Every structure is written in structure tokens, then in C-alpha cells.
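Single-letter residue listing:
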Amino acid sequence: MDYVHRTEELVMPLLEKRSFELYDIELLKEGGTQILRVYIDKDGGITSDDTADVCRELSDLIDKEKNFIKDAYTLEVSSPGLTRALKKPEHFSKSIGKDVEFKLFSPITYEEKGKKLSAKEFVGILKKYDESTDTVTIGFDDKELEILRKDISSIHLWIDF
């Protein structure tokens, strides 16, 4: 069974009646525990009461499903946070012009002040996302770098605290 897809089917009516947005769903293992994590959002931000209400209702719906997840798991409903991960095309489109931190699978070599440097972690401004080519353009001062999304291991909004 595709747990992520089925979770989406179950949670969408709960979110629609509250005018919330489904940001992402993950099924992963952390410290030997299987976690079904649902990220929700809304204009102005999600509150702890919002996540608790959705979690309670979603848990009731999942409990009614036969053989939803056979192994023990923990259901979490959360906000994607200020430094949210960008995974879906709509995440990239909504984040144009914002600062992002990204990590590449392999380092790239570039020249700065006459020196050759190599790195795979950068902070820049998300300038453009092209869904047709699945490329991201990141701006750094006076330069831009176009990267295929498949070459990015992770990309998050970045906040300078």
C-alpha cells in the first residue's frame, strides 16, 4: 500500500474544511521508530492547536482503516517550519526571491578572487525554478548558478539569525 498517498486522501478533507494546506507527507524511520509525518500550513502559520486537532482527527480516520500500517508507527502532524524543506514544484515557485541553503550530492569547483575553490554547501537567493527542465537558479552577489534538482541533496529556506 502507498501509505503517503492514502494518508493524503484521508487528510485532505480535514485540511480543506479548515482552509489549511498540505505541505508534505513523509513515512520514515528515526531511531528504530517508524514515523508518519504530515506537514500542514496556512496563511499566518499553523498553531499547536491546529496540529493537535488535525492529528486527533487523522488518527481516528487511520484507526478505522484495516491494515493501514502493519508495523508500529507514530503519527506526527507538524508545521513545515521557518526553514522548511523545498521538495515539490509549488514549494520552489512560492519561494522565489527567498534565501535558501542547499547541499549538492557532489562538490562543484568555482573561482573566487582568483582562487579555485570546491564546495557542496551554499547559501543564496532562489532566483528561478523551471519545472519543464527541473532546474533551480540560485543567485550569489553578482553570479547565478543553474542546478538540476536531481543534483541537490537538500534545499531549505534559510534564515540568518
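Use the structure listed above.
Treat the numbers as computed from the prediction; the structure is a model and nothing was measured.

(A) Structural detail: unusual backbone geometry. A positive phi angle is found at Ser19, which is not glycine, with a value near 60 degrees. With respect to the helices and strands, Ser19 occurs in the loop between helix H1 (3–16) and strand S1 (21–30). For Ser19, a relative accessible area of 60% puts it in the exposed group. Of note, Asp141 is a non-glycine position whose phi angle comes to about 45 degrees, a positive value.

(B) Expanded view of the nonpolar core. In terms of nonpolar packing, the biggest core is built from 19 residues, with Val11, Val38, Ile40 and Leu58 touching the most fellow members. Of all the secondary structure elements, the ones that give two or more residues to this core are H1, S1, strand S2 (33–41), helix H2 (48–64) and strand S3 (73–78). In contact with Val11, not counting residues within four places along its chain, are Leu22, Val38, Val54 and Leu58. Judged by nonpolar contacts, the second largest core, of 17 residues, contains Tyr39, Phe122, Ile155 and Leu157.

Procedures and definitions
- Per chain, residues are indexed from 1 in the order of the written sequence.
- For this predicted model, a pLDDT threshold of at least 70 governs which residues receive local features, and a threshold of 80 or more governs which side-chain atom pairs are given and counted, while totals over whole chains, interfaces and linings are taken from all residues.
- Heavy atoms throughout the structure, all of them, feed into the side-chain values; hydrogens and water do not.
- Strands are runs of DSSP state E lasting at least 2 residues, helices are runs of H or I lasting at least 4, and numbering of each runs from the N terminus.
- The classification of residues rests on relative accessible area computed with a 1.4 Å probe and restricted to protein chains. Under 20% of the type maximum is buried, over 50% is exposed, and intermediate values are partly exposed.
- In this description, a nonpolar core means a group of buried Ala, Val, Leu, Ile, Met, Phe, Trp, Tyr and Cys residues linked to one another through side-chain atoms lying within 4.5 Å.
- Any two residues whose heavy atoms approach within 4.5 Å are treated as being in contact.

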